[in-house]
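Residue strings, one per chain:
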Amino acid sequence: WYYQTAYQINAITLQNLANQAPPPSADNILINGTNKNANGGGSYSQVKVTKGKKYRLRLINTSVDNFIRVSLDNHQLQVMTSDFIPIVPFYTNWLLLGIGQRYDVVINANQTEGNYWFRANVATDCLSGNKNGALAIWSYDTVTAGTPTSTAFAAAAAGCYEPAGITPYWKQPVPSSQFLNSPLTVGLTRASFTPGGELHVLWSINGSSMNIDWSYPTMSYLMDKNTNYPTNLNVWPSTTEGNWNYWLIQMAPNMPPVPHPIHLHGHDYFVIGYGNGQFNQSTASLNWANPPRRDTATLPGGGWLAIAYDSNNPGTWLMHCHIAWHVSEGLGLQFIEAPDKVTFPDAAAYKKTCENWKAYEPTSYWKKDDSGL
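Residues numbered from 1 in each chain as written. Predicted model: local features only at pLDDT ≥ 70, side-chain atom pairs only at ≥ 80, totals over all residues. Heavy atoms only, no water.

All right, on to the overall build of the protein chain then. Broken down by element type, the protein chain carries four helices and 20 strands. In terms of C-alpha radius of gyration, the protein chain reaches 22 Å, essentially the compact-globule figure of 21 Å for 373 residues. Overall, the protein chain is about 65 × 50 × 45 Å in size when its C-alpha atoms are taken along their principal axes. At a minimum sequence separation of 6, the contacts of the protein chain that also span at least 24 residues come to 77%. In the form shown here, the protein chain has an accessible surface area of approximately 17,900 Å², with 53% of it arising from carbon and sulfur atoms. (Helix = DSSP H or I, 4+ residues; strand = E, 2+ residues; numbered from the N terminus. Rg over C-alpha atoms; globule rule 2.2 N^0.38 Å. Contact = heavy atoms within 4.5 Å. Areas by Shrake-Rupley, 256 points an atom, 1.4 Å probe, with all protein chains shown as cover.)

This part is about the sheet that holds strand β3 (residues 68-72). As summarised here, the arrangement of the five strands in space is β1-β9-β8-β3-β6, forming an open sheet in which the pairing is mixed. Of all strands in the sheet, those bounded by a partner on one side alone are β1 (45-49) and β6 (95-97). Along the sheet, successive strands turn relative to each other by an average axial angle of 25°, direction set aside. Sheet topology places β3 next to β6; three bridges connect them, and they run antiparallel. (Pairing = 2+ DSSP bridges. Axes fitted to C-alpha atoms, helices over the stretch in contact; angles between N-to-C directions.)

For S204, the location among the structural elements is in strand β11 (residues 200-205). Apart from residues lying up to four places away in sequence, S204 is in contact with T185, V186, G187, L188, T189, S209 and L331.

Let's shift gears to the state of the cysteines. In this structure the tally under the stated criterion is one disulfide. No disulfide involves C321; its nearest neighbouring cysteine sulfur is the one of C160, lying 11 Å away. (Disulfide = S-S within 2.5 Å.)

Generally speaking, nonpolar side chains in soluble globular proteins are found buried as a group. Among the nonpolar cores identified, the biggest contains 35 residues, and I249, Y269, L305 and M319 are the most heavily contacted of them. Leave out the neighbours within four places in its chain, and M319 touches L184, I249, I262, H263, L264, I307, G332, L333 and F335. Counting 27 residues, the second-largest nonpolar core is a separate cluster that includes L59, V79, L95 and W138. (Core = buried A, V, L, I, M, F, W, Y, C linked by side-chain atoms within 4.5 Å. Buried < 20%, exposed > 50% of the residue type's maximum accessible area, 1.4 Å probe, protein only.)

A separate point is the packing of aromatic side chains. For the structure on display, the rule yields 20 aromatic pairs. Ring plane angle 45° and centroid distance 4.4 Å describe the contact between Y216 and Y221, whose orientation is recorded as tilted. By relative accessible area, Y216 is classed as partly exposed at 23%. Residue Y221 is classed as buried on the basis of its relative accessible area, which comes to 8%. (Phe/Tyr/Trp six-rings, centres within 6.5 Å; stacked < 30°, edge-to-face > 60°.)

Right, let's get into the sheet that holds strand β13 (residues 244-251). Here we have six strands laid out as an open sheet, ordered β11-β10-β13-β18-β15-β16, and mixed in their pairing. Strands at the two margins of the open sheet, each flanked by one partner only, are β11 and β16 (293-294). For strand β10 (residues 183-191) and β13, the ladder comprises four bridges, and the chain directions are parallel. For P183, the partnering residue across the bridge sits in β13 and is L248. Strands in contact with helix α1 (residues 6-17) are β10 and β11; relative to β11, the strand with the most contacts, it is inclined by about 85°.

Now for α1. Its 12 residues give α1 an end-to-end C-alpha distance of 16 Å, which sits within 8% of 16 Å, the value for a rise of 1.5 Å per residue. Where α1 is concerned, the buried positions are I9, N10, T13, L14 and L17. Seen from one end, α1 has its buried residues packed into an arc of 140°, which puts them on one side. The exposed set on the far side of α1, more than 90 degrees from its buried face, consists of Y7 and Q15. On its buried face, α1 is in contact with β10, β11 and α3 (324-328). (Expected span 1.5 Å × (residues − 1). Arc of directions from axis to C-beta.)

The next thing to look at is the environment of Q78. Positionally, Q78 belongs in strand β4 (residues 77-82). Under the relative-accessibility criterion, Q78 is labelled buried at 19%. For the pair Q78 and V88, spaced 10 residues apart in the sequence, the C-alpha separation amounts to 10.0 Å. Setting aside residues up to four positions removed in sequence, Q78 forms contacts with P89, F90, Y91, D104, V105 and V106. Here Y91 takes part through its side chain, which lies 3.3 Å from a polar atom of the side chain of Q78. (Polar contact = N/O pair within 3.5 Å; in protein donor to acceptor, adjacent residues only side chain to side chain.)

Even without a glycine there, the phi angle at N254 is positive, about 65°. Phi is positive for A338, close to 45°, though the residue is something other than glycine. Along the polypeptide, A338 turns up in the loop between β20 (332-337) and α4 (347-360).

Structure, rendered in structure tokens:
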């Protein structure tokens, strides 16, 4: 939660990136839309539980750029899904959520009846910044709700990595024979958001910072059968339907060592592996037998992330960093998958929408001033 507007913070972040400095720290974290601020104003979210019952809690990190660790004092979290994929349940005291990640957990109300803190702390080891942390009050229904005196679990081991216990409940191996180590290198470049505009330091993939044109989106290219995609659309082909796609996302050397939560639209992907430094296939630990499946996984700061997915969903699918400032600064690409089998919108309605936009845009108050994503 920021007290300045997203436009203000985004402008400051863009300036800071030129000096490889971090974005401004957020002012607060909210749990179900509420929390107390640093001055004591506001209120905590409150939850009632009954001793002997179990509760399924759906967690989602909707923040702009904060990795967050959550816990409930004295109560372990039994993790049962990651990004809606059922997994073999595992227990943990703290659970790290990257931006955009979701987990379902079960909480067993089996402790001494009382009031307990639910905690959501900024993960500073992920280079996330926040001036506050979030608390909520969980109370057993036989006691008067009040300020808890419970104690937090010991701090989780430092390290901005995916939880080690994620194993899909339904086993699905990934073929390794076609793994070609296709590199997508994350780095910085200099580019402009508008033709002839000011050059900015921007995030990029393989040297290209994604910058879309709202008046002629990718779907229009497909409908017009136009394959002359400009470089700044960052269009990459997928394999033919039924075949596998393998991508190695690698941080370029000497880049700011910030972790990136990589999110793919249209698919769950398989997390084949990740690690620090430059990828070395002869020494990397890769899981082909039953890798985690999800749609958002963390590219370690200064490291690599290997993913795979099969071509089974025709469309134009965006893959991007889920830190809002980074996707604003162009850290994304799009896959064109089975273009001949894409289901198009109604042509007349689509054309009318495009015409309405082109009539509106020249006099609109808010102009495009970033990647457009």
